Amino acid sequence: MTSSLPLLLLALCSLSAAEAQLTVFNLRASDLPSGIVVTTDGYVKVFCGSASLGETSVRNNDPNPWWEEKFTYFQGQENDVLRLEVHDSDIFFNDLLGVCQRQINFMREHDCFLESGGLLHYSYTLNGNNQ
Ligand SMILES: [Ca+2]
């Protein structure tokens, strides 16, 4: 199927904007840049709109890390902006490797190319009815 077609636009969908539970999971990256810094120690910060959902642990010295953390937000809404920031941890400062940002919709798996190189894959669900 074509569930990962990045150009598929679903903006015309007119679902209810009721609050729902957003769950972000299955975060993994590949080919994170390792030439600029001594080691690539990746972690991800997760945001929905202006809310911070938290951040993953740091995967030390791994250009192809994955993270087991799940992030849940109970006030998610269709078309909220889900934002994931991939950072490289360092002793003195943290480098931002790239930002993945897009509106929540039916597309539940994404591959996002990072500004500094590499790729971030993530999945999410948005559950609207909990009655
Ligand atoms: Ca580092």
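Use the structure listed above.
None of these values were measured; they are calculated from a predicted model.

Asker: Explanation requested: the packing of aromatic side chains in the structure shown.
Answerer: The geometry of an aromatic ring pair is captured by two quantities: the separation of the ring centres and the angle between the planes. Within this structure, the stated rule accounts for 0 aromatic pairs. Arg59 extends its terminal NZ or CZ atom over the ring of Trp66, reaching a point 5.5 Å from the ring centre. The residue whose ring lies beneath Lys70 is Phe25, and the NZ or CZ to ring-centre distance is 5.6 Å.

Asker: When you look at the sheet that holds strand S2 (residues 42-48) in this model, what are you seeing that I'm missing?
Answerer: Backbone hydrogen bonds hold the strands of a sheet together, and the pairing may be parallel or antiparallel. What the 4 strands build is an open sheet, ordered S3-S2-S6-S7; its pairing is antiparallel. Each edge of the open sheet is held by one strand with a lone partner, namely strand S3 (51-55) and strand S7 (95-103). Here the average twist between neighbouring strands, direction ignored, is 20 degrees. Pairing geometry for strand S6 (residues 81-88) and S7, over 8 bridges, is antiparallel.

Asker: Mind showing me how you'd approach the side chain of His121 here?
Answerer: Mapped onto the elements of the fold, His121 is located in strand S9 (residues 119-127). Beyond its immediate stretch of four places on either side in the chain, His121 contacts Asn26, Leu27, Arg28, Glu109, His110 and Asp111.

Asker: Honestly, the pairing of S9 in this entry has me stumped. Any pointers?
Answerer: Consecutive side chains along a regular strand alternate between the two faces of the sheet. Among the 9 residues in S9, 7 count as buried, and that is most of the element. The pairing of strand S1 (residues 20-30) with S9 spans 8 bridges and is classified as antiparallel. Bridge assignment links Leu22 to a residue of S9, and that residue is Leu126. Once strand S8 (residues 109-113) ends, the chain turns through 5 residues before running back antiparallel as S9, passing Gly117 with a positive phi of about 110 degrees.

Thresholds, definitions, all that
Residues numbered from 1 in each chain as written. Predicted model: local features only at pLDDT ≥ 70, side-chain atom pairs only at ≥ 80, totals over all residues. Heavy atoms only, no water. Phe/Tyr/Trp six-rings, centres within 6.5 Å; stacked < 30°, edge-to-face > 60°. Lys NZ or Arg CZ within 6 Å of the ring centre and 35° of its normal. Pairing = 2+ DSSP bridges. Helix = DSSP H or I, 4+ residues; strand = E, 2+ residues; numbered from the N terminus. Axes fitted to C-alpha atoms, helices over the stretch in contact; angles between N-to-C directions. Contact = heavy atoms within 4.5 Å. Buried < 20%, exposed > 50% of the residue type's maximum accessible area, 1.4 Å probe, protein only.

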